[in-house]
Amino acid sequence: MRLSFPEIFDAIVTALVLGSQVYVYELARRRLERALSRRWAIVARLLLAAWLLGALSVGWMNSEGRIWGHGFGSRWLSFWAGIWIMGSVGAASILFATSRWRKAPAARHGAGTSRREFLRDAARTTAALVPFGVAGYGTLLVRSNFGLRETDFRVPNLPPDLEGLRVALLSDIHFGPYLSIPELERVVAMANETKPHLTLVTGDLITHVSDPLETCLEKLARLRAEAGVFGCLGNHEVYAKCQNFTEQRGRSLGIDFLRQRRQVIQFGQARLNLVGVDYQRFHRPYLVGARRLVEPGVVNLLMSHNPDVFPVAADLGYDLVVGGHTHGGQVTVEIVEQTLNVGRFFTPFVAGLYRRGASSLYVSRGIGTINLPMRLGARPEVSLLRLRRA
């Protein structure tokens, strides 16, 4: 059986996580056996094993949607597990990479050698603690540090009545243990404060079938826009098998999820053709049947959760495309003016504004998180897009 790239990637990540836990356990076991009596060393090893297994269990249950509830206690268990898993992988990598320091032969013996060994051990220990601090920062601060990102959306021959049109964009909310009700309410308030003409929600309202979709929709129903609130569905609505419910319940609450449909909206003497499609799976034909939804002579705006459809959408005649899905990489590191994140393994359209000919794409960094409750270098955002004449 041939494995797909996502399956191979997941296997590599799983191996890194499990390997780091074994490595940390072995390092601790050796130190405990040297520092404690045999009886107390056994007790300490059992406690350490329980800690490691507990963190892995909570992390696995969260990633698989098996967390027990969405209250305060579950959130902090999620945060603890995420910080430990991310931190321990980083710490194990650093300790393994610097293990040769301890094995290098000393140039001479005596007090100077002991001092150097002490300083080497102190440096390794300090370096190994850094990933835990970074993981805590990404979980407790960056994850909920929602920002407003404003971008001009350029359109050739834009009608005068669409000049300056404000479009608020929310994506990848992932309402559940990692995102609280007050945090979602804050995001909704931020979008409303922009006084948008149009508000769009581009999928992944929840992560798993056990997440409170009804509550999420009720909070999103507080979104306000002059021409209405519209949306499309993401891959997690597919996984949770809640596409029909989301469409029907959303409509009853005033959110129109467009599923292979269009809605022409009048602004003065100009018209905007708004189109929404369900999640477009990677490496399958994109936007099948979407050509018929394009309206000639007006501005065509496509909502697609998967931004990878952009080249196809541009060829079909869509002027503007909005989406998400990537979370901006969620954890992004910049090295020598180049960004490194998971999203780049899957798509060239990770975050921000892209152009292809006369068409433009905006990829939102999203609101929520998956797998680990943290963000680094990819601040969650409410996007405000202003239509401007190119």
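Structural data are supplied above this passage.
First things first, this report covers the structure right here in the doc. Fair warning: this is a prediction, and the values are worked out from it, not measured in the lab.

1. What about the nonpolar core?
Judged by nonpolar contacts, the single largest core of 26 residues is most densely connected at Leu170, Ile173, Leu184, Leu205, Leu220, Leu223 and Ile367. Within the residue set of this core, elements represented by two or more residues are α6 (181-193), α7 (213-220) and β5 (255-257). Top element by residues in this core is α6. It accounts for five residues. Setting aside chain neighbours within four positions, we find isoleucine 367 in contact with Arg143, Phe146, Leu170, Ser171, Asp172, Ile173, Leu179, Val187, Arg375, Pro380, Glu381 and Val382. With 25 residues, the next largest nonpolar core counts Leu200, Phe230, Met303 and Leu385 among its residues.

2. Concerning the packing of α6 against α7
When two helices pack together, their arrangement is given by the angle between the helix axes and the distance between those axes. Between α6 and α7, the least distance of the axes is 10 Å, while the angle of their chain directions is 30 degrees. The angle between the axes of α6 and α7 places the two elements in the roughly parallel class. For the element pair α6 and α7, the recorded crossing hand is right-handed. The residues of α7 that touch α6, namely those facing Ile181, Leu184, Glu185 and Val188, are Thr215, Cys216, Lys219 and Leu220. Looking at side-chain class alone, the contact of α6 with α7 contains five nonpolar, one polar and two charged residues.

3. Some points on the packing of aromatic side chains
For the structure on display, the rule yields seven aromatic pairs. Ring centres of tryptophan 51 and tryptophan 84 lie 5.7 Å apart, and the angle between their planes is 85 degrees; this geometry places the pair in the edge-to-face category. Taken together, the residues tryptophan 51 in helix α2 (residues 38-63) and tryptophan 84 in helix α3 (residues 72-97) connect sequence positions 33 residues apart. Taking relative accessible area as the criterion, tryptophan 51 reaches 39% and is therefore assigned partly exposed. A centroid spacing of 5.3 Å and a plane angle of 40 degrees characterise the contact between tryptophan 84 and phenylalanine 132, whose relative ring orientation is tilted. Residue tryptophan 84 is found in helix α3, and its partner phenylalanine 132 is found in helix α5 (residues 111-140); the two are separated by 48 residues along the sequence.

4. Looking at the environment of leucine 385
Tracing the sequence through the fold places leucine 385 in strand β14 (residues 381-389). Along the sequence, leucine 385 and leucine 165 sit 220 residues apart, while their C-alpha atoms lie 8.0 Å from each other. Those residues within four positions of leucine 385 in sequence are excluded, and the remaining contacts are Thr151, Phe153, Leu165, Arg166, Val167, Leu169, Val322 and Tyr362.

5. Structural notes on α6
Relative to the 18 Å expected for 13 residues at 1.5 Å per residue, α6 spans 18 Å between its end C-alpha atoms, a close match to the ideal helical length. Glu183, Leu184, Val187, Val188, Met190 and Ala191 are the residues of α6 that are buried. In a view along the axis of α6, the buried residues occupy a sector of 160 degrees, so they form one face of it. Among the exposed residues of α6, those oriented more than 90 degrees off its buried face are Pro182 and Glu193. In the segment just after α6, lysine 195 is the residue with positive phi, at about 50 degrees.

6. Focus on the sheet that holds strand β1 (residues 147-155)
Strand order in the open sheet formed by six strands is β1-β14-β2-β3-β4-β5, and the pairing between neighbours is mixed. Of all the strands in the sheet, just β1 and β5 have a single pairing partner and so form its edges. Direction aside, the axes of adjacent strands within the sheet are offset by 25 degrees on average. Summarising the sheet, strand β2 (residues 166-170) and strand β3 (residues 198-202) pair through four bridges and their orientation is parallel. Within the sheet, the bridge partner assigned to valine 167 lies in β3 and is leucine 198.

About the cut-offs
Residues numbered from 1 in each chain as written. Predicted model: local features only at pLDDT ≥ 70, side-chain atom pairs only at ≥ 80, totals over all residues. Heavy atoms only, no water. Core = buried A, V, L, I, M, F, W, Y, C linked by side-chain atoms within 4.5 Å. Buried < 20%, exposed > 50% of the residue type's maximum accessible area, 1.4 Å probe, protein only. Helix = DSSP H or I, 4+ residues; strand = E, 2+ residues; numbered from the N terminus. Contact = heavy atoms within 4.5 Å. Axes fitted to C-alpha atoms, helices over the stretch in contact; angles between N-to-C directions. Parallel < 35°, antiparallel > 145°, perpendicular 65-115°, else oblique. Left-handed = near helix turned anticlockwise from the far one by under 90°. Nonpolar A, V, L, I, M, F, W, Y, C, P; charged D, E, K, R; others polar. Phe/Tyr/Trp six-rings, centres within 6.5 Å; stacked < 30°, edge-to-face > 60°. Expected span 1.5 Å × (residues − 1). Arc of directions from axis to C-beta. Pairing = 2+ DSSP bridges.

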